[in-house]
Number of protein chains: 2
Amino acid sequence: MLCLAARAGRGNFHLTGVNALEILESRIKRDGKVLPGGILKVDSFLNHQMDINLFDGMAGELYRLFGDCEVNKILTIEASGIGLACITGRIFGCPVLFAKKSLTKNLRGEFYTAEIESFTHGDTATIYVSKEYLSSSDRVLIIDDFLATGSALMGLINIAEQAGAQVMGAGIAIEKAFQSGGKKIREKGYRIESLARIKKMGDDGSIEFC
Amino acid sequence: MLCLAARAGRGNFHLTGVNALEILESRIKRDGKVLPGGILKVDSFLNHQMDINLFDGMAGELYRLFGDCEVNKILTIEASGIGLACITGRIFGCPVLFAKKSLTKNLRGEFYTAEIESFTHGDTATIYVSKEYLSSSDRVLIIDDFLATGSALMGLINIAEQAGAQVMGAGIAIEKAFQSGGKKIREKGYRIESLARIKKMGDDGSIEFC
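Before going into details, it helps to say that this report is about the structure given with it.

Rules used throughout
Residues numbered from 1 in each chain as written. Chains lettered and ligands numbered in written order. Predicted model: local features only at pLDDT ≥ 70, side-chain atom pairs only at ≥ 80, totals over all residues. Heavy atoms only, no water. Least-squares fit on C-alpha atoms with pLDDT ≥ 70 in both. Contact = heavy atoms within 4.5 Å. Axes fitted to C-alpha atoms, helices over the stretch in contact; angles between N-to-C directions. Helix = DSSP H or I, 4+ residues; strand = E, 2+ residues; numbered from the N terminus. Parallel < 35°, antiparallel > 145°, perpendicular 65-115°, else oblique. Left-handed = near helix turned anticlockwise from the far one by under 90°. Nonpolar A, V, L, I, M, F, W, Y, C, P; charged D, E, K, R; others polar. Buried area = accessible area lost by both parts, 1.4 Å probe. Salt bridge = Lys/Arg side-chain N within 4 Å of Asp/Glu carboxyl O. Pairing = 2+ DSSP bridges.

**Overview of the relation of the copies chain B and chain A**
Then, number 1: Superposition of chain B onto chain A requires a rotation of 180° combined with a translation of 0.0 Å along the rotation axis, giving an RMSD of 0.0 Å. What we have between these two chains is a two-fold relation. Taking the C-alpha atom as reference, chain B places A79 of chain B closest to the rotation axis, 2.6 Å from it.
Then, number 2: Most of the interface of chain B is mirrored in chain A, where 100% of its interface residues again form contacts.

**Section: the packing of helix α3 (residues 52-66) of chain A against helix α4 (residues 82-92) of chain A**
All names here are of chain A.
Then, number 1: At a minimum axis distance of 8 Å, the contact between α3 and α4 shows a crossing angle of 55°. Comparing their axes, α4 and α3 come out oblique. Crossing of α3 over α4 shows right-handed handedness. Facing α3, whose interface residues are I52, F55, D56, M58, A59, G60, L62, Y63 and F66, α4 presents G83, L84, I87, T88, I91 and F92.
Then, number 2: Counted by class, the contact of α3 with α4 contains 11 nonpolar, 3 polar and 1 charged residues.

**Re the interface of chain B and chain A**
Then, number 1: Between chain B and chain A, the residue contacts involve 51 residues of the former and 51 residues of the latter.
Then, number 2: Between chain B and chain A the total buried area reaches about 4500 Å² when both faces are included, carbon and sulfur atoms providing 58% of it.
Then, number 3: Contact with chain A buries area across many residues of chain B, yet H48, R90 and N106 of chain B alone supply 17% of it, more than any other trio.
Then, number 4: In this structure, the connection of chain B to chain A is made through 6 salt bridges.
Then, number 5: As a salt-bridge pair, R90 of chain B and D56 of chain A come within 2.9 Å of each other at their nearest N and O atoms.

**Description of the sheet that holds strand β4 (residues 73-77) of chain A**
To summarise the sheet geometry, strands pair through backbone hydrogen bonds and adopt either a parallel or an antiparallel arrangement.
Then, number 1: Taken in spatial order, the 7 strands line up as β11(A)-β10(A)-β9(A)-β8(A)-β4(A)-β5(A)-β3(B) in an open sheet, and their pairing is mixed. Looking at strand neighbours, the two that pair on one side only are β11 (207-209) of chain A together with β3 (49-50) of chain B, the edges of this open sheet.

In structure tokens, the structure reads:
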């Protein structure tokens, strides 16, 4: 914990990792809105407007959890994973790679691809990672904002493994533990650490944590 | 400069802002690839794989430039702007808001919108920012990875001004100064600080800075 406090608490930010978890849960309770269809709206601090101070504390907790895994690359997916992944990459001191959901003119060469279903977009998409930036020498930590059905996370694991990289685990901001993704992927033997795990969201807007 | 060095150089990162600019230019020269059609491929460190150590130095330089502007919100656009915006937001100690290119199920309410043309996607798109997160009390710094035609930047300025927010300026990683965007927007009176300004890209792959 000393290591964590020293890293996450430096500069003008003062959250330690554990503190950040309490703050994350209370932010979800206070600012999260439960919408029909099992949607949790947390765009005031997580995936539209981003509370970087909170992210810094969350990244500190991810460092406490995975700091001894010799992670040399962080992998995430555009767009909502990028913020937390970058703040986490800063503490790990390693580059961050994000899977793209479309091929743009400035991308060239060969790609690892996977098909994912998007819960919030309501469609399926191909995601792309350039073969230049993932290899068998990489020890990868996957970061994302949400884990629900697990489709995006499985897509990222799949891409890392196509490259022969080692998946050291996944760090997730919010897991909807009442959906099957986390259970299914943990049963395959992958380590997933979710900073907040939601057990139940009520029709009355209530949120219960695991 | 003392302030900058103390902030940007803390922890396990050691780039000061000015140092970072030299490193950014040399990275563009070393790793950037000039592709047909005026495309600069810098996805090894800027917009697919992201060098967070370099971002930290760039953010330090942006703090040196805009640190006295009482910025209270950073505005960017998904996906490639988010990484640098978050690392910059950390140094400014303020939240980061990113404009979305599509409306997902977890977004509700009213939005400011603007139409932009994407150079790398080769199409036009509507961008969205929730009215909840921008207001007339905001002093906004806009961050993006590239400035070329200026369409994305004008869209973000437009959205900030719809909200009545003050645009304190824009911080850009790479400006293609041979395209018209920067000149056009500066002539409207906006402050733009680009960390690297490219004067010319040759058919032989050469890159010349301003």
